[in-house]
Amino acid sequence: MANAHYFYLPLTVKELEDRVQSHQENFEEFLKDTFSDKELTTFEGQVDSIAAIFVQPIISELSFQDFYSNASDEQQQKQFFETCRSSICLENLPDFHSNPFQVSYLIQLLENFHEVLIDQGGVEELVFKAAYIDLLKNYKSVDSMISSPLERPPEVKTTKPVYPIDFLILDVYKEIDRLKTSKQIYNAIEQATSLPEKTQKILTIASKDLLDSITLLKRTGLNPKDFDDNLERLKFFLKKIY
């Protein structure tokens, strides 16, 4: 694996900086919500070795001919690159095999963008976002760490279910854990584009964090009725995916 990867995007440098900053903050919250302080201390070395990330404009001397393009996508890649105004440089990338935190960091970073053109360095061909994420899925991620029953049993961060909504949330998390274990969670997220936006929002948040009903409600920003209705819809949607 090359030591540095470059992401090219049509956003302005300022727009890209804002999204990267937001992602960094969200990723830190994701780690705090996912692991205890003791666990984070154990994984400190891996977290600290996540690649440094730099946002920068595209240098004027750089042209599409400087890359190894994919023959089947060459025209599409060339057209996209010509719209790009900014880039991300990820330096000193750790080995994906040994750092699931880096893998999750990159997957979650890419979720912030509609499309990205990625140069993996060396003689590697350019790839778009979807192909790069498929590559990352070949490696262990944080999701795979917390979905293993032997390593970390899934549980909503609450004492006991008290209200009907608590039981519903437990059912949703059980389905999410099942899909993570069977490696179908990304397939579920892709299929969820057919669902109402509010349902998709719950899935996006719940697939990243284990939360109690009050916290999950606050994170979604929905009113209680919409939250209840879309949570129920999400539960039956997830049950249909195998």
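Residues numbered from 1 in each chain as written. Predicted model: local features only at pLDDT ≥ 70, side-chain atom pairs only at ≥ 80, totals over all residues. Heavy atoms only, no water.

S.K.: Account for the overall build of the protein chain, with residues named and values stated.
M.R.: Assigned secondary structure in the protein chain consists of 12 helices and five strands. Since a compact globule built from 242 residues should have a radius of gyration of about 18 Å, the 19 Å found for the protein chain is in line with a globular shape. Considering only C-alpha atoms, the protein chain reaches an extent of 60 × 40 × 35 Å along its principal axes. Residues classed as buried in the protein chain amount to 45% of the 242 residues present. The contacts of the protein chain with a sequence gap of at least 6 include a subset with a gap of at least 24, amounting to 76%. Here the protein chain has roughly 13200 Å² of accessible surface; of this, 52% comes from carbon and sulfur atoms. Computing the positive centroid from 26 side-chain charges and the negative centroid from 39, the protein chain places the two 9 Å apart. (Helix = DSSP H or I, 4+ residues; strand = E, 2+ residues; numbered from the N terminus. Rg over C-alpha atoms; globule rule 2.2 N^0.38 Å. Buried < 20%, exposed > 50% of the residue type's maximum accessible area, 1.4 Å probe, protein only. Contact = heavy atoms within 4.5 Å. Areas by Shrake-Rupley, 256 points an atom, 1.4 Å probe, with all protein chains shown as cover. Lys, Arg positive; Asp, Glu negative; His and termini not counted. Charge placed at Lys NZ, Arg CZ, Asp CG, Glu CD.)

S.K.: With reference to specific residues and values, describe the packing of aromatic side chains.
M.R.: Tallied over the entire structure, the rule returns 13 aromatic pairs. With centroids separated by 6.3 Å and ring planes inclined at 50°, the aromatic side chains of Phe64 and Phe81 adopt a geometry described as tilted. Here Phe81 lies in helix H4 (residues 74–81) and Phe64 lies in the loop between strand E2 (52–57) and H4, a separation of 17 residues in the sequence. With 5.4 Å between their ring centres and 70° between their planes, Phe96 and Tyr139 make a pair best called edge-to-face. Of this pair, Phe96 sits in the loop between strand E3 (86–91) and helix H5 (100–110) while Tyr139 is found in the loop between helix H6 (129–136) and helix H7 (142–147), placing the two residues 43 residues apart along the sequence. Taking relative accessible area as the criterion, Phe96 reaches 1% and is therefore assigned buried. Of the aromatic side chains, those joined through ring pairs into one cluster are Tyr8, Phe64, Phe67 and Phe81. A cation over a ring is seen here: Lys235 above Phe236, with NZ or CZ 5.5 Å from the ring centre. (Phe/Tyr/Trp six-rings, centres within 6.5 Å; stacked < 30°, edge-to-face > 60°. Lys NZ or Arg CZ within 6 Å of the ring centre and 35° of its normal.)

S.K.: An account of the pairing of E3 is needed here, citing residue identities and associated values.
M.R.: Burial analysis of E3 places five of its six residues in the buried class, the great majority of the element. By the bridge criterion, six bridges tie E2 to E3 in an arrangement that is antiparallel. Across the sheet, the residue bridging to Phe54 is Cys89, located in E3. (Pairing = 2+ DSSP bridges.)

S.K.: Can you explain the nonpolar core? Please cite residues and give values.
M.R.: A general trend in soluble globular proteins is that nonpolar side chains are found buried together. Grouped together as the largest cluster of nonpolar side chains are 58 residues, with contacts concentrated most on Phe7, Ile88, Leu106, Tyr132 and Leu238. At seven residues, the largest contribution of residues to this core is made by H5. Setting aside its immediate chain neighbours within four residues, Leu238 contacts Val172, Glu175, Ile176, Arg178, Leu179, Ala188 and Leu203. (Core = buried A, V, L, I, M, F, W, Y, C linked by side-chain atoms within 4.5 Å.)

S.K.: I'd like a rundown of the confidence of the model for the protein chain, residues and numbers included.
M.R.: Of all residues in the protein chain, 91% have pLDDT values of 70 or greater, and the mean over the chain is 86. When mean pLDDT is compared element by element in the protein chain, strand E1 (residues 5–9) scores highest at 97, while H7 scores lowest at 75. (pLDDT = per-residue confidence, 0-100.)

S.K.: Got a sec to walk through the sheet that holds strand E4 (residues 117–119)? Specific residues and values, please.
M.R.: If you walk across this open sheet you meet the five strands as E2-E3-E1-E4-E5, and the pairing is antiparallel. What marks the edges here is a single partner per strand, and that holds for E2 and strand E5 (127–128).

S.K.: Which residues make up the pairing of E1, and what values do they have?
M.R.: Of all five residues in E1, four are buried, a share of seventy percent or more. Bridge count for E1 against E4 is three bridges, and the pairing is antiparallel. Each residue of the ladder has a partner; that of Tyr6, found in E4, is Asp119.

S.K.: I'd like to hear about the pattern of salt bridges, residue by residue, with values.
M.R.: Evaluated as defined, the whole model comprises 10 salt bridges. Two residues, Asp143 and Lys180, come together in a salt bridge whose shortest N-O distance is 3.8 Å. Taken together, the residues Asp143 in helix H7 and Lys180 in helix H8 (residues 164–181) connect sequence positions 37 residues apart. For the pair formed by Asp143 and Lys180, the shared burial category is buried. Close ionic contact of Asp171 with Lys235 constitutes a salt bridge, the shortest N to O distance being 3.2 Å. Note that Asp171 is positioned in helix H8 and Lys235 in helix H12 (residues 224–239), a separation of 64 residues in sequence. (Salt bridge = Lys/Arg side-chain N within 4 Å of Asp/Glu carboxyl O.)

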